[in-house]
Amino acid sequence: MFTRPPGFTYKKDELHCDGVSINRLAKKFGTPLYVYSALAIRERYRTLERAFHHVRHTLCYSVKANSNLSILRLLAGMGAGFDIVSGGELERVRRAQKKALKKVVFSGVGKTADELRLALRNGILLFNVESEGELELLATCASELRKTANIALRVNPDVPAETHPYISTGLREHKFGVPIGNARELCRRAAEHKYLRVAGVSLHIGSQIGDVAPFHLAMERAVELVMQLLADGHNIRFIDAGGGLGISYNSAAPLDFTDQAHRYAEAITEPFLRMKKPFPHLLLEPGRSIIAPAGALVTRVLYLKRNGNKRFTIVDAAMNDLIRPSLYQARHEITPVTFTRARSERVQSDVAGPICESGDFLARDAMLPALTPGENLCIFDAGAYGMSLASNYNSRPRAAEVLVEGTRVRLIRRRETIKDLLQEEAACL
Ligand SMILES: *Cc1c(COP(=O)(O)O)cnc(C)c1O
């Protein structure tokens, strides 16, 4: 039997999210269905908060990990700020909680003039500037609107982090940030603009990082730069340490989150606390570490088939619903929603969806008990980079999402219909 984070537990033989049977949710809302535990989200947010209690800080939840409005509102209600990477994400934060706009940091290498103006008008906290060109465009937009922008250069600390190459971002060869060696000169130039205020330094070295040592090394480099910038006369009020803390996708190697959060906070604050007082305000941009284990994807078994020696479990969810296995070679645990001891014998099977691609799979060589078509499976740790990366490939409507709190269930995104899918298109000619 799997031991899961708070939120997902077996009661008798049936998997529940908080106090609600997942089979019942599947029956009521259909599958594929994303199910989130409000309890688990709150608990993980608070755990991170507590780990950093000894320094002035704000957790700016990374919207791209899971951008559902209800989830953003839940986090805003707990005091979260937000890390956004587009104008669309800014609008989401505005709709979730207007006053949270004051705690928004804006990252990304390709911000457009429209997006910069939108963020300026909404009075966000900080622009994490990723190039000299962006600095100039922001200066132009800010003087047009006569609004002062707080900026932090996003520096590339050239720190390797053990993770999948697609989600590693802190190396010289990556597109992100500016080389740390150019930062002083760029800040000097930025300070000459009337409407730009050099207010911080930011970095983000990647995602799903298990070892805390790279966070420490990157922070040491950032702190060194901050001390130089202070000496150059800039009023550095913020250090943004980015996100990237990994989770365990394997219940056989569980991570105690309290312990992990403390090790992470220690790695980040140790170099930070070596500075002279007053310390800058520490910003963090956690996404996955808050939301991934708090969500699961529920899917129904359609067919069982064998091609030669290989077994396939064909389910109604696919790579358009959860692309992490196809894109990042991610492994998610999958378990039947109804689990009796009599079913403990396992057979090896791929779990795949209906999409016409060999790359469409949710698990390779999963060990699953004998299954029956029509029963539900639960794919764990799908709360981050699941729904937010979902697409309509193969003209598949996107899944519904529900948020469970105790015994209360809220539909936070209705299932897309084929009509929704087609309404933006015209059949010309
Ligand atoms: C994606 C991203 C994050 C969040 O990363 P997680 O691994 O989900 O914590 C934070 N900051 C920036 C700039 C990002 O691009």
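Residues numbered from 1 in each chain as written. Predicted model: local features only at pLDDT ≥ 70, side-chain atom pairs only at ≥ 80, totals over all residues. Heavy atoms only, no water.

**Q** Got a minute to help me understand the pattern of salt bridges in this structure?
**A** When their charged atoms lie close together, side chains carrying opposite charge are able to pair. Using the criterion set out here, one finds 22 salt bridges in the structure. Arg184 serves as the salt-bridge partner of Asp232, at 2.9 Å between the closest nitrogen and oxygen. In this pair, Asp232 is assigned in the loop between α8 (213-231) and β12 (238-240) and Arg184 in helix α7 (residues 183-191), connecting sequence segments 48 residues apart. On the accessibility criterion, Asp232 (37% relative accessible area) is partly exposed. Between Arg263 and Asp259 there is a salt bridge, with its nearest N and O atoms 3.4 Å apart. Pair noted here: Arg263 and Asp259 are both in helix α9 (residues 257-272), with a separation of four residues, about one helical turn. Exposure remark for Arg263: the relative accessible area of 36% places this residue in the partly exposed category. (Salt bridge = Lys/Arg side-chain N within 4 Å of Asp/Glu carboxyl O. Helix = DSSP H or I, 4+ residues; strand = E, 2+ residues; numbered from the N terminus. Buried < 20%, exposed > 50% of the residue type's maximum accessible area, 1.4 Å probe, protein only.)

**Q** Explanation requested: the pairing of strand β4 (residues 33-37) in the structure shown.
**A** In summary, the side chains of a regular strand alternate between the two faces of the sheet. With five of its five residues buried, β4 lies for the most part within the structure. Burial along β4 is two-sided: Leu33, Val35 and Ser37 facing one way and Tyr34 and Tyr36 facing the other are all buried. Here β4 runs beside strand β14 (residues 295-307); their pairing, made up of four bridges, is antiparallel. In the strand pairing of β14, Tyr36 is matched with Gly295. In this structure, β4 lies alongside strand β20 (residues 400-405), joined through five bridges in parallel fashion. Across the sheet, the residue bridging to Tyr34 is Glu401, located in β20. (Pairing = 2+ DSSP bridges.)

**Q** For this particular structure, what's the right way to read the domain arrangement of the protein?
**A** Interface size is commonly expressed as the accessible surface area that is lost when the partners come together. Split into domains, the protein comes out as domain 1 (8-30 + 294-426) and domain 2 (38-288). Between the C-alpha centres of domain 1 and domain 2 the distance comes to 32 Å. Listed by partner, the interface residues are 20 residues for domain 1 and 25 residues for domain 2. Together, the buried faces of domain 1 and domain 2 total about 1,900 Å²; carbon and sulfur atoms form 51% of this surface. Of all residues in domain 1, Tyr328, Glu333 and Tyr385 bury the most surface against domain 2, accounting for 28% of the area lost on that side. Of the charged contacts, one joins Arg42 and Glu405 as a salt bridge, the two residues approaching to 3.0 Å between their closest N and O atoms. The interface formed by domain 1 and domain 2 contains nine residue pairs in polar contact (both at pLDDT 80 or more). Of all elements in the fold, only α11 (324-328), β20 and β21 (408-413) reach the threshold of two or more residues within the side of domain 1 that touches domain 2. Looking at the side of domain 1 that touches domain 2 residue by residue, the classes come out as eight nonpolar, four polar and eight charged. (Domains from an automatic or database assignment. Contact = heavy atoms within 4.5 Å. Buried area = accessible area lost by both parts, 1.4 Å probe. Polar contact = N/O pair within 3.5 Å; in protein donor to acceptor, adjacent residues only side chain to side chain. Nonpolar A, V, L, I, M, F, W, Y, C, P; charged D, E, K, R; others polar.)

**Q** When you look at the nonpolar core in this model, what are you seeing that I'm missing?
**A** As a rule of thumb, nonpolar side chains are buried together in soluble globular proteins. Of all hydrophobic cores here, the largest spans 111 residues; its most connected members are Phe52, Leu75, Phe82, Phe127 and Ile151. Top contributing element to this core by residue count: α8, with eight residues. Summarising the domain contributions, this core has at least three residues from each of domain 1 (8-30 + 294-426) and domain 2 (38-288). Not counting residues within four places of it along the chain, the set of residues in contact with Leu75 comprises Ile41, Tyr45, Tyr61, Ala80, Phe82 and Ile290. Judged by nonpolar contacts, the second largest core, of 20 residues, contains Phe8, Val20, Leu33 and Val35. (Core = buried A, V, L, I, M, F, W, Y, C linked by side-chain atoms within 4.5 Å.)

**Q** Explain α7 to me, please; I cannot follow it from the model alone.
**A** An α-helix turns once per 3.6 residues; consequently, residues spaced three or four apart project the same way. Along α7, the positions that sit buried rather than exposed are Ala183, Leu186, Cys187 and Ala190. All buried residues of α7 lie within an arc of 100° about the axis, which places them on one face of the element. Where α7 is buried, its residues contact α6 (132-145), β9 (149-156), β10 (178-179), β11 (196-202) and α8. (Arc of directions from axis to C-beta.)

**Q** What is the right way to read the packing of helix α3 (residues 69-77) against helix α4 (residues 87-96) from this model?
**A** Axis angle and axis distance: for two packed helices, these are the angle between their axes and the distance between the axes, and together they describe the pair. Relative orientation of the contacting elements α3 and α4 amounts to 60°, with a least axis distance of 9 Å. As judged from the angle between their axes, α3 and α4 are oblique. Of the two possible hands of crossing, α3 and α4 adopt the one that is right-handed. Contact residues: α3 offers Leu69, Leu72 and Arg73, while α4 offers Arg92, Val93, Arg95 and Ala96. Class assignment for the residues of the contact of α3 with α4 results in four nonpolar, no polar and three charged. (Axes fitted to C-alpha atoms, helices over the stretch in contact; angles between N-to-C directions. Parallel < 35°, antiparallel > 145°, perpendicular 65-115°, else oblique. Left-handed = near helix turned anticlockwise from the far one by under 90°.)

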